Amino acid sequence: MTRKVGIVGAGHVGADVAFSLVTQGVCDVIVLLDENEPKATSQALELRDMASLTASRVQVIANDYSELQDADVLVIAVGPKTLLREDRLEELAETRAAVRDVIPRVIASGFGGVILNITNPCDVITQIIQQTSGFPDTQVFGTGTSLDTARMKRVVGEFFGIDPKSVTGYVMGEHGESQFVAWSTVMLGGRPVAELAGDRDVDWAKMNDAVRGGGWEILKGKGWTSFGIATATVRLVDAILSDAHSVWPVSAWDEELGVYIGQPAVIGKKGIVQTLQPELTAYEGVAYHASARVIAAALKSEK
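Within any chain, residue numbers begin from 1 and follow the written order of that chain's sequence. At least 70 in pLDDT is required for a residue's local features to be given in this predicted model, at least 80 for side-chain atom pairs to be given and counted, and no such filter applies to totals for whole chains, interfaces and linings, which use all residues. Note that the side-chain values use all heavy atoms of the structure and ignore hydrogens as well as water.

Under an unreviewed UniProt entry, the chain has the name L-lactate dehydrogenase and belongs to Rahnella bonaserana. Recorded in UniProt under Sequence similarities (unreviewed entry), the annotation for the chain is "Belongs to the LDH/MDH superfamily. LDH family." UniProt positions are given in the numbering used here, feature names are shortened, and annotations may be inferred rather than shown by experiment. UniProt, in its Pathway (unreviewed entry) section for the chain, records the words "Fermentation; pyruvate fermentation to lactate; (S)-lactate from pyruvate: step 1/1."

Here's what the structure looks like:
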């Protein structure tokens, strides 16, 4: 069966998602869409130029919404015109208008797969996409804190001198300024990091800031971020296509709080199989609810 992925947005992030899908052979067909059609055409052409050099054969189609009819996954990677913004919520007015233009065209194509959102502010835009599409909340989710969790693993791994792939745990809440590292979930070899730190003077707040500010540091240097989020997105696309039932920290619907928010969830071929709310400390629970209020306030102010 053909594995087909649509990508709306052929800028830095969308193009890197497409590049990673092609080089890793995750899917068979990519449909690349952008309001700037020559850009999408050029990106698709360059990806097709790679065909003789990659291990798998991936067909790349540009600028045809009708091709989404039988797509399994649609990645929303619409970006703002101005990239250098420290607070992702500042992008909302522009990206909200963009997705409200795109989603009706997606629905008109007959698309019935899973929508995976990258566009910032991720949690707010994911909710707008779900409301605009009318899809079940399990069929629409965002990359959420998946990239932030990867950054946390890097920071912790560097501090302890351990491969970040050996670090487990989650960053939760908004993919933005109110996110937090749920330190009670962070472990190395099954042991809590606080226990492994021993008598060392660890500034946990500073490490949390390093995680939250990691994206801004990259933005200041190169003007955008794309490698990390593209890699996280491809892992999530693969989880959907393979019905992996793997656990990822994504922006998923929280019924109690009434918002999409970063939390661990099981990902399968139809999207969110279930959310897995960890047992947080009292402080982390307060941080989670505070982050939800930030997301809800942004939604309310921009209606």
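### Overview of the overall build of the chain
Secondary structure assignment for the chain yields 10 helices and 12 strands. The C-alpha radius of gyration of the chain comes to 19 Å, within 12% of the 19 Å expected for a compact globule of 303 residues. With the C-alpha coordinates of the chain rotated into their principal frame, the extents come out at 60 × 45 × 35 Å. Expressed as a percentage of its 303 residues, the buried residues of the chain come to 52%. Here the Shrake-Rupley method, with its probe set to 1.4 Å, supplies the accessible areas, and only the displayed protein chains count as covering residues. Surface accessibility of the chain: about 13600 Å² in total, with carbon and sulfur atoms responsible for 52%. Working definition: helices are DSSP H or I runs of at least four residues, strands are E runs of at least two. Numbering for both runs from the N terminus. Note that the radius of gyration is over C-alpha atoms, with the globule rule given as 2.2 Å times the number of residues to the power 0.38. Under the scheme applied here, a residue whose accessible area is under 20% of the maximum for its type counts as buried, over 50% as exposed, and between as partly exposed, the area being computed with a 1.4 Å probe on protein chains only.

### Looking at the pairing of strand β8 (residues 180-188)
Most of β8 is tucked away, with seven of its nine residues classed as buried. Any two strands are treated as partners once DSSP identifies two or more bridges connecting them. One ladder, built from five bridges, connects strand β7 (residues 167-172) with β8; its direction is antiparallel. In the sheet register, Met172 faces β8, and the bridge partner there is Phe180. Judged from the two bridges that link them, β8 and strand β9 (residues 191-192) form a sheet pairing that is antiparallel. When the bridges of β9 are listed, Met187 appears paired with Pro192. What sits between β8 and β9 in their antiparallel hairpin is a turn of two residues, with Gly189 showing a positive phi close to 60°.

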